[in-house]
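Next come the chains, spelled out residue by residue.
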Amino acid sequence: MINDLLIRNIDEDGQFSKTQQEEFCAYFQSKTITKKTFLLEQGEVCKWEGFVLDGCFRIFTIDKNGNENTLYFAAKNWWLMDIDSFMNHKPSDLNIQALEDSKVLLISQKDKLTLYESIPVAEKLFRVMFQKSIVAWQRRLVRNHSLTAKERYAHFIDSYPEIASKLTDRQTSSYLGITHEFLSKIKKQLQIQ
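Residues numbered from 1 in each chain as written. Predicted model: local features only at pLDDT ≥ 70, side-chain atom pairs only at ≥ 80, totals over all residues. Heavy atoms only, no water.

Visitor: What is the right way to read unusual backbone geometry from this model?
Guide: Across the chain, the bulk of peptide bonds are trans and the bulk of non-glycine residues have phi less than zero. Phi is positive for N77, close to 80 degrees, though the residue is something other than glycine. Here N77 is to be found in the loop between strand 5 (68-75) and strand 6 (79-80). Look at N77 and you get partly exposed, because its relative accessible area is 33%. Positive phi, close to 55 degrees, is recorded for H89, a residue that is not glycine. (Helix = DSSP H or I, 4+ residues; strand = E, 2+ residues; numbered from the N terminus. Buried < 20%, exposed > 50% of the residue type's maximum accessible area, 1.4 Å probe, protein only.)

Visitor: Can you walk me through the sheet that holds strand 3 (residues 48-54) in this structure?
Guide: Hydrogen bonds between backbone groups are what pair the strands of a sheet, and the pairing can be parallel or antiparallel. Strand order in the open sheet made by the 4 strands is 1-8-3-6, with antiparallel pairing throughout. The sheet terminates laterally at strand 1 (29-33) and strand 6, the two strands that pair on one side only. Two strands pair when backbone bridges link them, and strand 3 and strand 6 are joined in this way by 2 bridges, in the antiparallel orientation. In the sheet register, G50 faces strand 6, and the bridge partner there is L80. (Pairing = 2+ DSSP bridges.)

Visitor: What is the right way to read the packing of aromatic side chains from this model?
Guide: Applying the stated rule across the entire model yields 14 aromatic pairs. Ring centres of F73 and Y175 lie 5.4 Å apart, and the angle between their planes is 45 degrees; this geometry places the pair in the tilted category. Of this pair, F73 sits in strand 5 while Y175 is found in helix 8 (residues 169-176), placing the two residues 102 residues apart along the sequence. Each member of the pair, F73 together with Y175, is buried. (Phe/Tyr/Trp six-rings, centres within 6.5 Å; stacked < 30°, edge-to-face > 60°.)

Visitor: When you look at the layout of surface pockets in this model, what are you seeing that I'm missing?
Guide: If you roll a probe as big as a water molecule over the atoms, it shows you where there is empty space left. Space inside the second largest pocket adds up to approximately 160 Å³. Taken together, D54, G55, A75, K76, W78, S159, Y160, P161, E162, I163 and K166 form the lining of the second largest pocket. Looking at side-chain class alone, the lining of the second largest pocket contains 5 nonpolar, 2 polar and 4 charged residues. (1 Å grid on protein atoms, 1.4 Å probe; cavity = no way out; pocket = protein on both sides within 12 Å on 5 of 7 lines; lining within 4 Å. Points joined across faces, edges and corners; volume = space filled by probe spheres on them. Nonpolar A, V, L, I, M, F, W, Y, C, P; charged D, E, K, R; others polar.)

Visitor: Would you mind going over the nonpolar core with me for this structure?
Guide: Soluble globular proteins tend to bury their nonpolar side chains together. Counting residues in hydrophobic clusters, the biggest one holds 21 residues, and the most contacted among them are L6, F24, F28, W79, L115 and F126. In contact with F24, other than residues within four places in its own chain, are L6, I10, F16, L115, I119, A122, L125 and F126. If you look at the next biggest cluster of nonpolar residues, it comprises 18 residues, including I59, M81, F86 and A98. (Core = buried A, V, L, I, M, F, W, Y, C linked by side-chain atoms within 4.5 Å. Contact = heavy atoms within 4.5 Å.)

Visitor: Whenever I open this one, helix 5 (residues 120-146) confuses me. Can you help?
Guide: For an α-helix, 3.6 residues make a turn, and residues three or four places apart therefore share a direction. Helix length check: helix 5 (27 residues) gives 40 Å between terminal C-alpha atoms against 39 Å at 1.5 Å per residue, within 8%. Every buried residue of helix 5 is accounted for by A122, L125, F126, M129, R140 and R143. (Expected span 1.5 Å × (residues − 1).)

Visitor: How should the packing of helix 6 (residues 149-159) against helix 8 be read in this particular structure?
Guide: Axis angle and axis distance: for two packed helices, these are the angle between their axes and the distance between the axes, and together they describe the pair. It is the contact of helix 6 with helix 8, at a shortest axis distance of 10 Å, that shows an interaxial angle of 115 degrees. Here the hand of the crossing between helix 6 and helix 8 comes out right-handed. Taking contact as the criterion, the partners of R152, Y153 and F156 in helix 6 are, on helix 8, T172, Y175 and L176. Of the residues in the contact of helix 6 with helix 8, the class split is 4 nonpolar, 1 polar and 1 charged. (Axes fitted to C-alpha atoms, helices over the stretch in contact; angles between N-to-C directions. Left-handed = near helix turned anticlockwise from the far one by under 90°.)

Visitor: How should I be thinking about the sheet that holds strand 2 (residues 38-40) in this particular structure?
Guide: Spatially, the 4 strands line up as an open sheet ordered 2-7-4-5, and their pairing is antiparallel. The sheet terminates laterally at strand 2 and strand 5, the two strands that pair on one side only. Direction aside, neighbouring strands of the sheet carry axes that sit 30 degrees apart on average. Bridging between strand 4 (residues 56-62) and strand 5 involves 7 bridges; their strand directions are antiparallel. The residue of strand 5 that forms the bridge with I62 is E68.

Remember, this is a structural readout, not a statement about activity or role.
Now the structure itself:
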């Protein structure tokens, strides 16, 4: 069943009845995205929240000089969206692009609000998920300010080996906030050790 992964993600503690699980999943629409295709482009309004069933996405900005700055990656069993654009109905500053052929489940803001009314425990679930994502962002900011580039790279490949294996060096360096050339030096140093 296509929604099994979503059910496992949202209902680790068994808070939802079978009927609620089915109803929860009914609010989502499945979408297949081919490699290099954008799910969201800068300037568009993000009208959905997504759950990755398969594949991997890169969430990034392009600055005024044309440099790409990767905020995060979303692989299987991860959530993705531009929360600012989604909540405030404003043009997105982000791009969301498939790094490989991928499949996502999408829910609109209207359907999400209806879901909250229909299954009140869903609102608590999304609140807790939001809090966990804020913790992850905070930890990343702390790492970016307290670890060297070499330590950040080591942490990334140790923590997310499946994602790291799908990336080009340019995508990895964009995520780490370093140049492609500096990443090459780090990789050479790690190979020598």
